[in-house]
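The primary structure of each chain is shown beneath.
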Amino acid sequence: MARVEVDGVGLFYEAGGDGDPLVLVHGSWGDHHNWDAVVHGLALRHRVLVYDRRGHSESDRPEGQGTRREDEDDLAGLLKTLGFAPAFVAGNSFGASVTLGLASRRPELFRGIVVHEPTLMDLVAGMPAYEEQMAQARRRLGRVVELLREGDALAGARTFVEEVAFGPGAWEQMPQRLRDTYVTNAPTFLDEQGDPDWAGLDLAALSAGDVPALVTRGTESPAWFGVVVDRVAGALSGVRTHVFEGAGHIPHVTHPEEYVELVTRFCAEHGAGRA
């Protein structure tokens, strides 16, 4: 077990492979195991780092209200302390939001970014065509938060999986280890939702950083993710976009070969060994 202390918080990590550095940032509820299906393939071309974000699984869970900015600073600390900066960074869901947030403040830490469906709901605010869809999404998230505040981590986790993320029946289809991980990390999701800035992003600052980027979405995800992806992509120069056909919110799990090929090709185009 490898751990490193960043700003007084112990973070679990694993690193392997050789080549341009690539860091993978998981989303809410999960941990570094979220990337198991793609780590080997990516490590054939890259020095890959996976870690548990603060409050998740093997990493420390500080007391008090946390913020997404703290997650961003943790990522910056990892990149510098472990000698990965500047690195390619791939983030999914809330991990994509963390990646973009740090890139908007510290672009010098990045060789490039790959983000899939960041949960930046504030970027859809004020769009009449999505008003009802967003209201429904917030109601469902509110129900999850309510259950977690009542101390029912199991019900909160199951409600999130079946009503927010993946659909009815998904909870029972998950392996027990993954269900346990969701329950263990439920308090951190509640903490994330308590941060008033969790769903926003300074697009002007992101644009000024001029970091090469690949922004992706899945055809099976809610339509509002497409709006987020379009707005993020629109703030970046020279950005590439990709749509995973038949995939939803976790293509690195459901479409691992396509994900590995896409990320590897993007990094090769912008890596140290490019022509």
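Here we summarise the structure given alongside this text. (Residues numbered from 1 in each chain as written. Predicted model: local features only at pLDDT ≥ 70, side-chain atom pairs only at ≥ 80, totals over all residues. Heavy atoms only, no water.)

Topic: the overall build of the chain
Secondary structure summary: the chain contains 11 helices and eight strands in total. Relative to a compact globule of 275 residues, whose C-alpha radius of gyration would be 19 Å, the chain shows 17 Å and is just as compact. The principal-axis extents of the C-alpha atoms in the chain amount to approximately 55 × 45 × 35 Å. A total of 275 residues make up the chain; the buried ones form 52% of that total. When contacts within the chain are restricted to residue pairs at least 6 apart in sequence, long-range pairs at least 24 apart make up 73% of them. (Helix = DSSP H or I, 4+ residues; strand = E, 2+ residues; numbered from the N terminus. Rg over C-alpha atoms; globule rule 2.2 N^0.38 Å. Buried < 20%, exposed > 50% of the residue type's maximum accessible area, 1.4 Å probe, protein only. Contact = heavy atoms within 4.5 Å.)

Points about the sheet that holds strand 6 (residues 110-116)
In a beta sheet, neighbouring strands are held together by backbone hydrogen bonds and run either parallel or antiparallel to one another. Spatially, the eight strands line up as an open sheet ordered 1-2-4-3-5-6-7-8, and their pairing is mixed. Sheet topology places strand 1 (2-6) and strand 8 (240-244) at the edges, where each strand pairs with a single neighbour. In this sheet, neighbouring strand axes are inclined to one another by 25° on average, regardless of whether the strands run parallel or antiparallel. Note: strand 3 (residues 20-25) against strand 5 (residues 87-92), four bridges, orientation parallel. Directly across from Leu22, in strand 5, lies its bridge partner Phe88. Sheet strands in contact with helix 2 (residues 68-81) are strand 1, strand 2 (9-17), strand 3, strand 4 (46-51) and strand 5, and its direction is about 115° off that of strand 1. (Pairing = 2+ DSSP bridges. Axes fitted to C-alpha atoms, helices over the stretch in contact; angles between N-to-C directions.)

Notes on helix 3 (residues 94-105)
With 12 residues, helix 3 should cover 16 Å at 1.5 Å per step; its first-to-last C-alpha distance of 17 Å lies within 8% of that length. Most of helix 3 is tucked away: 11 of the 12 residues are buried. (Expected span 1.5 Å × (residues − 1).)

Some details on the nonpolar core
Val23, Trp29, Leu75, Leu79 and Val232 are the most contacted members of the largest nonpolar core, which has 62 residues in total. Those residues in contact with Leu75, other than ones at most four positions away along the chain, are Val23, Val25, Tyr51, Val89, Val98, Thr99 and Leu102. Among the nonpolar cores identified, the runner-up in size contains 19 residues, and Trp35, Val48, Val114 and Ala247 belong to it. (Core = buried A, V, L, I, M, F, W, Y, C linked by side-chain atoms within 4.5 Å.)

Some words on helix 2
Over its 14 residues, helix 2 runs 20 Å from end to end, which matches the ideal 20 Å to within 8%, given 1.5 Å per residue. At its buried positions, helix 2 is contacted by strand 1, strand 2, strand 3, strand 4, strand 5 and helix 3.

Observations concerning the environment of Ala96
Inspection of the secondary structure puts Ala96 in helix 3. Since its relative accessible area comes to 0%, Ala96 is described here as buried. Placed 59 residues apart in sequence, Ala96 and Ala155 show a C-alpha to C-alpha distance of 26 Å. Leaving out residues up to four positions away in the same chain, Ala96 has contacts with Gly91, Val115, His116 and Pro118.

Describing the pattern of salt bridges
Overall, the coordinates contain 16 salt bridges when judged by the stated rule. Two residues, Glu108 and Arg106, come together in a salt bridge whose shortest N-O distance is 2.4 Å. One salt bridge in this structure joins Glu269 and Arg240, with 3.2 Å as the shortest N-O distance. With Glu269 in helix 11 (residues 256-270) and Arg240 in strand 8, the pair connects residues that are 29 residues apart, well separated along the chain. Residue class for Glu269 comes out partly exposed when judged on its relative accessible area of 38%. Here the residues in one salt-bridge network are Arg68, Glu72, Asp73 and Arg105, joined through shared partners. (Salt bridge = Lys/Arg side-chain N within 4 Å of Asp/Glu carboxyl O.)

Some words on the pairing of strand 6
Among the seven residues of strand 6, six are classified as buried, and the element is accordingly described as predominantly covered. Looking at chain direction, strand 5 and strand 6 are connected through six bridges and run parallel. Bridge assignment links Ala90 to a residue of strand 6, and that residue is Val114. Following the backbone out of strand 5, through helix 3 and into the adjacent parallel strand 6, one traces a crossover that is right-handed. (Right-handed = clockwise from strand over helix to strand, strands pointing away.)

Some details on the side chain of Asp31
Residue position: Asp31 is located in the loop between strand 3 and helix 1 (36-43). Here Asp31 is buried and forms no salt bridge, its nearest opposite-charge partner Arg177 lying at an N-O distance of 4.8 Å. Separated by 2.9 Å, the side chain of Asp31 and the backbone nitrogen of His33 make a polar contact. Apart from the residues within four sequence positions on either side, Asp31 is in contact with His26, Tyr51, Asp52, Ser57 and Thr181. (Lys, Arg positive; Asp, Glu negative; His and termini not counted. Polar contact = N/O pair within 3.5 Å; in protein donor to acceptor, adjacent residues only side chain to side chain.)

Function cannot be inferred from these measures alone, as they are strictly geometric.
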